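# Analysis of the macromolecular model
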Amino acid sequence: MHQAPALLEAATAAAAKAYAPYSRFQVGCALVTAQGNLFTGCNVENASYGLTICAERGTIFQAVAAEGPEMRIAELAVIALGHEFPPCGACRQVIAEFADAETPVWFLRDGKPVRLTMAELLPASFKL
Ligand SMILES: O=c1ccn([C@H]2C[C@H](O)[C@@H](CO)O2)c(=O)[nH]1
Ligand SMILES: [Zn+2]
């Protein structure tokens, strides 16, 4: 997918903006919408730890606020500086709300980009 390097680069740049004084995990997300717009975001923590918002959900909520309720994710990437992980379970559920089964989700594993479809990332997902 030709967008992947640019998306991973945008997610890496966004991770540098993270507000993560508690975990020190700087996470960035980048997504392209079906309308072709790019959105980026980072995790924002809180002294009341449970109020923390992940990079992925912050980015998706921005995209909805900008494009409206019809916003659909065409492709999404998540990067953590110095760490490698796929989106957490809560974020998988929120991504699934705005993605299709075949929507690509990118993250790093062993320094290399991994591409999973939404259905691979969250099989048998809960949808209304
Ligand atoms: O999918 C994830 C998982 C974790 N984090 C953030 C939340 C918290 O600030 C830090 C450690 O969990 O990483 C994300 O942004 N996205
Ligand atoms: Zn998350």
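Within any chain, residue numbers begin from 1 and follow the written order of that chain's sequence. Labels follow written order: the first chain is A, the first ligand is 1, and so on. Only residues with pLDDT of at least 70 are given local features in this predicted model, and only at 80 or more are side-chain atom pairs given and counted; all residues enter the totals for whole chains, interfaces and linings.

If you look the protein chain up in an unreviewed UniProt entry, it shows as Cytidine deaminase from Prosthecobacter vanneervenii. UniProt positions are given in the numbering used here, feature names are shortened, and annotations may be inferred rather than shown by experiment. Of the comments in the UniProt record for the protein chain, the one headed Function (unreviewed entry) reads "This enzyme scavenges exogenous and endogenous cytidine and 2'-deoxycytidine for UMP synthesis." Under the Cofactor (unreviewed entry) heading, UniProt states for the protein chain: "Zn(2+)".

What follows deals with the site of ligand 1. Near ligand 1, the surroundings consist of 13 residues, among which F25, V27, N43, C54 and C88 are the closest. Looking at the shell around ligand 1 residue by residue, the class counts come to 8 nonpolar, 3 polar and 2 charged. We call a residue near a molecule or strand when its C-beta atom, built from the backbone, sits within 6 Å of it. Basically, the charged four are Asp, Glu, Lys and Arg, the nonpolar ten are Ala, Val, Leu, Ile, Met, Phe, Trp, Tyr, Cys and Pro, and anything else, Gly included, counts as polar.

A few words now on helix α2 (residues 55-67). A rise of 1.5 Å per residue sets the reference length of α2, with its 13 residues, at 18 Å; its end C-alpha atoms lie 18 Å apart and thus fit the reference within 8%. Any residue surrounded by 20 or more other C-beta atoms within 10 Å of its C-beta is treated as buried, while 12 or fewer makes it exposed and the intermediate range makes it partly exposed; C-beta atoms here are placed from the backbone. Helix numbers and strand numbers start at the N terminus; a helix is a DSSP run of H or I with at least 4 residues, a strand a run of E with at least 2. Of the positions making up α2, those classed as buried are A55, E56, R57, G58, T59, I60 and A63. If you follow the buried residues of α2, they end up packed against α1 (4-15), β1 (27-33), β2 (38-42), β3 (73-80) and α3 (89-97). The first or second residue beyond α2 is G68, which carries a positive phi of 100°. To estimate how far a helix should extend, the number of its residues minus one is multiplied by 1.5 Å. The contact criterion used is a C-beta to C-beta distance within 7 Å, with each C-beta placed from the backbone.

Attention shifts here to the UniProt feature "binding site: Zn(2+)" (unreviewed entry) in the protein chain. Under the feature "binding site: Zn(2+)" (unreviewed entry), the UniProt entry names C54, C88 and C91. Of the residues just listed, which span 38 residues, no C-alpha pair is farther apart than 8.5 Å, and they cluster in one region. In this fold, C54 is placed in the loop between β2 and α2. For C54, a count of 22 C-beta atoms within 10 Å puts it in the buried group. Those residues in contact with C54 that sit more than four places away from it in its chain are V27, N43, C88, A90 and C91.

On to the environment of E45. Note that E45 resides in the loop between β2 and α2. Sequence separation between E45 and F126 is 81 residues, and the spatial gap between their C-alpha atoms is 27 Å. Excluding residues that lie within four positions of it along the chain, E45 makes contacts with Y19, A20, P21, Y22, S23 and T52.

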